[in-house]
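# Fold and geometry: a report
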Amino acid sequence: SSARKVAVGVLRGWVFVTGMAGFGSGLSAFLKPESTYIVYENLPYSPAFSRMYGTWLLLSTMIRVLFALDPYNASMFFGVLWTYCVALFHFSLEIFVHHSVPIQPAGQMPLFVASFSILALIAFAAATKLSPPPPPSPPKDKHQ
């Protein structure tokens, strides 16, 4: 249906935009390491931490952009879903347990983006009856 196509288009756009935001933040973490401390303001400054955070952001960006290009690929779907689950888990720990990220203003956006994205992806999976990819088939014996 046309409503379903629009919904898939919006989800693809959302995932692509969050991926590109991660790309920008990831590049900033490498080029201007102190920018990481806009979010992690309660941690001591460490360029190594910034590079590690930038690496995560660039990796999650690649997964999200690939999903936006092929949303019906079950492997990409579950990969992108996990990027948001890991982000939600990480930022929840940093905000509520370790207190390295303040809830306002820096902590609100990652929690919102991850939570909304997880819900949207679950709704997409339910609407499209997307299921985990099948296990790989065993290699064929070339001698038979």
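The coordinates are above.
The model shown is predicted, which means the values in this text are computed figures rather than measured ones. (Residues numbered from 1 in each chain as written. Predicted model: local features only at pLDDT ≥ 70, side-chain atom pairs only at ≥ 80, totals over all residues. Heavy atoms only, no water.)

### Focus: the packing of helix 2 (residues 47-69) against helix 3 (residues 74-96)
Let me state the cut-off plainly: Helix axes are fitted to C-alpha atoms over the stretch in contact, other axes to C-alpha atoms as well, and angles between N-to-C directions run from 0 to 180 degrees. Secondary structure elements are defined from DSSP: runs of H or I of at least 4 residues count as helices, runs of E of at least 2 residues count as strands, and each element is numbered from the N terminus. Each crossing is labelled by how the near helix is turned from the far one, with a counterclockwise turn of less than a right angle marking it left-handed and a clockwise turn marking it right-handed. Residues count as neighbours in contact if any of their non-hydrogen atoms are within 4.5 Å of one another.
Where helix 2 meets helix 3, the closest approach of the two axes is 8 Å, and the angle between their N-to-C directions is 145°. Where helix 2 crosses over helix 3, the two elements pack in a sense that is left-handed. Contact with helix 2, carried on its side by Tyr-53, Trp-56, Ser-60, Ile-63, Arg-64, Leu-66 and Phe-67, involves Met-76, Phe-77, Gly-79, Val-80, Thr-83, Tyr-84, Val-86 and Phe-91 of helix 3 and no other residues of that element.

### Looking at the packing of helix 1 (residues 2-31) against helix 4 (residues 103-128)
The packing of two helices is summarised by the inter-axis angle and the distance between the axes. For clarity, the threshold we go by: When residue character is reported, Ala, Val, Leu, Ile, Met, Phe, Trp, Tyr, Cys and Pro are called nonpolar, Asp, Glu, Lys and Arg charged, and the others, Gly included, polar.
Taken N-terminus to C-terminus, the directions of helix 1 and helix 4 make an angle of 145°; their axes are 11 Å apart at the nearest point. For the pair helix 1 and helix 4, the crossing hand works out as left-handed. Contacts between helix 1 and helix 4 involve Arg-4, Val-8, Leu-11, Trp-14 and Thr-18 on the former and, on the latter, Phe-112, Val-113, Phe-116, Ser-117, Ala-120, Leu-121, Phe-124, Ala-127 and Thr-128. Tallied by class, residues from the contact of helix 1 with helix 4 come to 10 nonpolar, 3 polar and 1 charged.

### Details of unusual backbone geometry
Unlike most non-glycine residues, His-99 shows phi in positive territory, near 55°. If you trace the backbone, His-99 turns up in the loop between helix 3 and helix 4.

### A short note on the packing of aromatic side chains
Operational definition: Two rings from Phe, Tyr or Trp (for Trp, the six-membered ring) form a pair when their centres are within 6.5 Å of each other. A pair whose planes differ by under 30 degrees is stacked, one over 60 is edge-to-face, and the rest are tilted. Each residue is placed in one exposure class: buried if its accessible area under a 1.4 Å probe, protein chains only, is under 20% of its type's maximum, exposed if it is over 50%, and partly exposed if it falls in between.
Throughout the structure, instances matching the rule amount to 13 aromatic pairs. The interplanar angle of 75° and the centroid separation of 5.0 Å between the aromatic rings of Trp-14 and Phe-116 together place this pair among those described as edge-to-face. One end of the pair, Trp-14, is in helix 1; the other, Phe-116, is in helix 4, with 102 residues separating them in the sequence. With a centroid separation of 6.1 Å and an interplanar angle of 90°, the aromatic rings of Phe-67 and Phe-124 are classed as edge-to-face. You can see Phe-67 sitting in helix 2 and its partner Phe-124 sitting in helix 4, a full 57 residues away along the chain. Using a relative accessible area of 0% as the deciding quantity, one classes Phe-67 as buried. An aromatic cluster is defined as three or more aromatic residues linked by ring pairs; in this entry it consists of Tyr-37, Tyr-40, Tyr-45, Phe-49, Tyr-53 and Phe-91.

### Comments concerning helix 3
Along an α-helix, residues three or four apart share an orientation, since each turn contains 3.6 residues. Inclusion rule: Here a helix's expected span is defined as the number of its residues, less one, multiplied by 1.5 Å. Think of a polar contact as two N or O atoms within 3.5 Å of one another; within protein, one of them needs to be a possible hydrogen donor and the other a possible acceptor, and neighboring residues in sequence only count if both atoms come from side chains.
In this model, helix 3 (23 residues) spans 33 Å end to end at C-alpha, consistent with the 33 Å of a helix rising 1.5 Å per residue. Among all positions in helix 3, only Ala-74, Met-76, Phe-77, Val-80, Leu-81, Thr-83, Tyr-84, Ala-87, Phe-91, Glu-94 and Ile-95 are buried. Taking the backbone nitrogen of Ser-75 as reference, a side-chain oxygen 2.9 Å away marks Asn-73 as the first, capping residue of helix 3.

Treat this as a map of the structure, not an account of what it does.
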